[in-house]
Amino acid sequence: MVLLPWRIAEGRRKDRIPFGPRTGMCRRSPSQPDWAKHGKAAPFKPNDQMLNILPMVVMHFPGTGIQDNLADKAKKIGIPV
């Protein structure tokens, strides 16, 4: 299993980032939005990077349009959601 969180030091993801190294089950490949380079599209770019590795499955927890966009793109390229 591979855990692919955004690289954010605060907020809800802070407790999830240590999960992989702590359990030994997962490794993580952090990604971070580049606001200077991508502007308003920045939150969507890390999702595109995650999908570029062609994961076997994507877990979708609805909440915002960013997560919904990730699920839609995964379905479009044939990744089970």
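Everything here concerns the structure above.
Residues numbered from 1 in each chain as written. Predicted model: local features only at pLDDT ≥ 70, side-chain atom pairs only at ≥ 80, totals over all residues. Heavy atoms only, no water.

A.B. asks: Help me understand the overall build of the protein chain, please; the structure alone is not making it clear to me.
C.D. replies: Within the protein chain, the regular secondary structure consists of four helices and two strands. Each helix and strand of the protein chain, placed in order from N terminus to C terminus, yields the pattern β-α-β-α-α-α. With 81 residues in all, the protein chain has 22% of them scored as buried. Long-range contacts, defined as pairs at least 24 residues apart, comprise 37% of the intrachain contacts of the protein chain with a sequence gap of at least 6. (Helix = DSSP H or I, 4+ residues; strand = E, 2+ residues; numbered from the N terminus. Buried < 20%, exposed > 50% of the residue type's maximum accessible area, 1.4 Å probe, protein only. Contact = heavy atoms within 4.5 Å.)

A.B. asks: Looking at this structure, I do not really get the nonpolar core. What am I missing?
C.D. replies: The nonpolar side chains of a soluble globular protein tend to be buried, and buried together. Core analysis: the biggest nonpolar cluster contains five residues, these being Leu51, Val58, Leu70, Ala74 and Ile79. Residues contacting Ala74, with those up to four places away along its chain left out, are Leu51, Val58, Ile79 and Val81. (Core = buried A, V, L, I, M, F, W, Y, C linked by side-chain atoms within 4.5 Å.)

A.B. asks: Explanation requested: the pattern of salt bridges in the structure shown.
C.D. replies: Side chains bearing opposite charge may pair, as long as their charged atoms lie close to each other. Across all of its chains, the model carries one salt bridge by this definition. Residue Asp48 is joined to Lys73 by a salt bridge in which the shortest nitrogen-to-oxygen separation is 2.6 Å. With Asp48 in helix α3 (residues 45-52) and Lys73 in helix α4 (residues 65-76), this pair connects stretches of sequence that are 25 residues apart. Judged by relative accessible area, which is 23%, Asp48 ranks as partly exposed. (Salt bridge = Lys/Arg side-chain N within 4 Å of Asp/Glu carboxyl O.)

Interpretation note: all reported values are geometric properties and have no functional meaning in isolation.
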